[in-house]
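# Close look at the chain arrangement
Single-letter residue listing:
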Amino acid sequence: MKWDDIGEQPCSIARTLSVIGDRWTMLIIRNAFMGMRRFDDFQQHLGVTRHVLSDRLKRLVEHEILVKVPYVDRQERFEYILTEKGLELYPLMLSMANWADKWMDQGLGKPVKYIHKNCAKTFQPVMVCSECGEELHAKQVKPHFTSVYYQYIQAQQNLKQA
């Protein structure tokens, strides 16, 4: 399977990776969550080439992760602001940060702490069951394939036979 086709799979992870699955895109999203909005700021802080940054921002706008709006003071320049769809990526970003803090800190500790504004406490992100509220762990979750998955598999087999 080619990388360009990965978003065609009946897999939520593959479809997500088809939009945000490269390092520059994830770092752009990270910086957007940290309040960065302008092209020059992204480029300066990330050290990415203008061409690559332009390409990634265009893709994020096309997929409605970011919206491109003109500066208030200059109409020919734009800011990139997270949309509701983009904001929904925050749990993923927190999970990635939490994983790296645990497994890749090189003994230095966390470079960033996260504070819940409502209670003013530093927190650890946890995933809980939407039904019972229990913390979720990999060995306690069982994937169940739906008919969408099986329809995709059947369609792929039909293509191979044709």
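Presented here is a report on the structure given in the accompanying data block. Along each chain, the written sequence defines residue order, and numbers are assigned to residues from 1. Local features in this predicted model are restricted to residues whose pLDDT is 70 or higher, and side-chain atom pairs enter the listing and the counts only when it is 80 or higher, whereas totals over whole chains, interfaces and linings include all residues. For the side-chain quantities, the full set of heavy atoms in the structure was used; hydrogens and water were omitted.

### Details of the packing of helix α2 (residues 23-33) against helix α3 (residues 39-46)
The criterion, for reference: Angular values range over 0 to 180 degrees, each being the angle between N-to-C directions of two axes fitted as lines to C-alpha atoms, with helices fitted over their stretch in contact. In DSSP terms, a helix is any run of H or I states spanning at least four residues, a strand is any run of E spanning at least two, and both are numbered starting from the N terminus. Should the near helix be turned counterclockwise from the far one by less than a right angle, the crossing is left-handed, whereas a clockwise turn marks it as right-handed. The contact criterion used throughout is that any non-hydrogen atoms of two residues lie within 4.5 Å.
One way to put it is that α2 packs onto α3 with a least axis distance of 11 Å and a crossing angle of 115°. In this structure, α2 crosses over α3, and the sense of that crossing is right-handed. Counting all contacts with α2, which are made through W24, L27, I28, R30, N31 and A32, the residues of α3 involved are F42, H45 and L46.

### Here we look at the environment of F39
Put simply, the rule reads: For each residue, the accessible area found with a 1.4 Å probe, counting protein chains only, is set against the maximum for its type, and the residue is called buried under 20%, exposed over 50%, and partly exposed in between.
Relative to the assigned elements, F39 resides in helix α3. Relative accessible area serves as the criterion here: at 15%, F39 is assigned to the buried category. Each C-alpha atom, one on F39 and one on Y150, is 43 Å from the other, the two residues being 111 residues apart in sequence. The contact partners of F39, leaving out residues within four places of it in the chain, are R50, L53, S54, L57, F78 and Y80.

### With respect to α2
Short version of the rule: Side-chain atoms alone can form a polar contact between residues adjacent in sequence; in general such a contact is a pair of N or O atoms within 3.5 Å, and within protein one must be able to donate a hydrogen while the other accepts it.
Taken together, the buried positions of α2 are occupied by T25, M26, I28, I29, N31 and A32. Residues of α2 that are buried make contact with α1 (12-20), α3, α4 (50-62), β1 (66-70), β2 (78-82) and α6 (90-103). The opening residue of α2 is D22, an N-cap whose side-chain oxygen sits 3.0 Å from the backbone nitrogen of W24. G35 sits one or two positions beyond α2 and adopts a positive phi of about 100°.

### Focus: the pattern of salt bridges
Heads up, the rule is: Note on definitions: salt bridges are taken to be side-chain nitrogens of Lys or Arg within 4 Å of carboxyl oxygens of Asp or Glu.
The full count for this structure, using the stated rule, is 6 salt bridges. R38 serves as the salt-bridge partner of E79, at 3.2 Å between the closest nitrogen and oxygen. A residue pair is termed long-range when its members are at least 10 positions apart, and E79 in strand β2 and R38 in the loop between α2 and α3 qualify at 41 residues. Measuring nitrogen to oxygen at the nearest pair gives 2.5 Å for the salt bridge that ties R77 to D40. In this pair, R77 is assigned in the loop between β1 and β2 and D40 in helix α3, connecting sequence segments 37 residues apart. What emerges from the salt-bridge pattern is a single network uniting D22, D55 and R56.

Note that all results are geometric; they support no functional claim without further evidence.
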